[in-house]
Amino acid sequence: LADRALALDPNLGSAYVVRALLAPSRAQAEKDLRRGIALAPNYGEGYFRLATQLLDEPARRAEALELLDRAVAVDPLRPRYRLIQAGEQFRGDRD
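None of the values given here were measured: they were computed from a predicted structure.

> So what exactly am I meant to see when it comes to the confidence of the model for the chain here?
Regions with low pLDDT should not have their predicted coordinates read in detail. In the predicted model, the chain carries a mean pLDDT of 94, and 97% of its residues have values of at least 70. Here helix α6 (residues 79-94) is the element of the chain with the lowest mean pLDDT, 87, and helix α3 (residues 26-39) is the one with the highest, 98.

Encoded structure:
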């Protein structure tokens, strides 16, 4: 479905974010998420999805936290973003 949307409009950032959910590799997912963010910088889900992917990589934790901050800034009414952000801040305080 995301591929069909991109065939109709290759500049549809949210479609790249959706396509990343089914990407065959983490590298492809990251590429699609970054493209989605570039095309739709006010779509918080792109920042959130990329952040949660990067949280799995300890060396990229700082970048992930910045992306979570951006997701909350773009879409402050999305409780899921704030919940993950708060959990990660708590986890960071304990490390």
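Next comes the rest of the write-up.
> Is there a simple way to explain the pattern of salt bridges in this structure?
If the charged atoms of two oppositely charged side chains come close together, the side chains can form a pair. Scanning the model with the defined rule gives 14 salt bridges in all. R19 serves as the salt-bridge partner of D3, at 3.2 Å between the closest nitrogen and oxygen. Within this pair, whereas D3 is found in helix α1 (residues 2-8), its partner R19 is found in helix α2 (residues 13-20), the two being separated by 16 residues in sequence. For R19, a relative accessible area of 27% translates into the label partly exposed. Here E88 ties to R91 by a salt bridge, and the two come within 3.1 Å at their closest N and O atoms. Of this pair, E88 and R91 both sit in helix α6, separated by three residues, roughly a single helical turn. Look at the salt bridges and you will find they share partners, linking R26, E30, R34, D56, E57, R60 and E63 into a network.

> Help me understand the nonpolar core, please; the structure alone is not making it clear to me.
The tendency in soluble globular proteins is for nonpolar side chains to be buried side by side. Of all hydrophobic cores here, the largest spans 17 residues; its most connected members are L50 and L67. Elements with a contribution of two residues or more to this core: α2, α3, α4 (44-54) and α5 (61-74). Non-local contacts of L67, meaning those with residues more than four positions away in its chain, are made with Y47, L50, A51 and L54.

Rules and cut-offs
- Counting starts from 1 at the beginning of each chain's written sequence and moves along it residue by residue.
- In keeping with the predicted nature of the model, local features appear solely for residues at pLDDT of at least 70, side-chain atom pairs appear and are counted solely at 80 or more, and the whole-chain, interface and lining totals rest on all residues.
- The side-chain values count all of the structure's non-hydrogen atoms but skip hydrogen atoms and water molecules.
- The predictor rates its confidence in each residue with pLDDT, a number between 0 and 100.
- The helix and strand labels rest on DSSP assignments: H or I over at least four residues marks a helix, E over at least two residues marks a strand, and numbering proceeds from the N terminus.
- Note on definitions: salt bridges are taken to be side-chain nitrogens of Lys or Arg within 4 Å of carboxyl oxygens of Asp or Glu.
- For every residue, the accessible area obtained with a 1.4 Å probe (protein chains only) is divided by the maximum for its type, and the residue is called buried under 20%, exposed over 50%, and partly exposed between those limits.
- Throughout, nonpolar core names a set of buried Ala, Val, Leu, Ile, Met, Phe, Trp, Tyr and Cys residues whose side chains join them through atoms within 4.5 Å.
- Whether two residues touch is decided by their heavy atoms; if any such pair falls within 4.5 Å, the residues are in contact.

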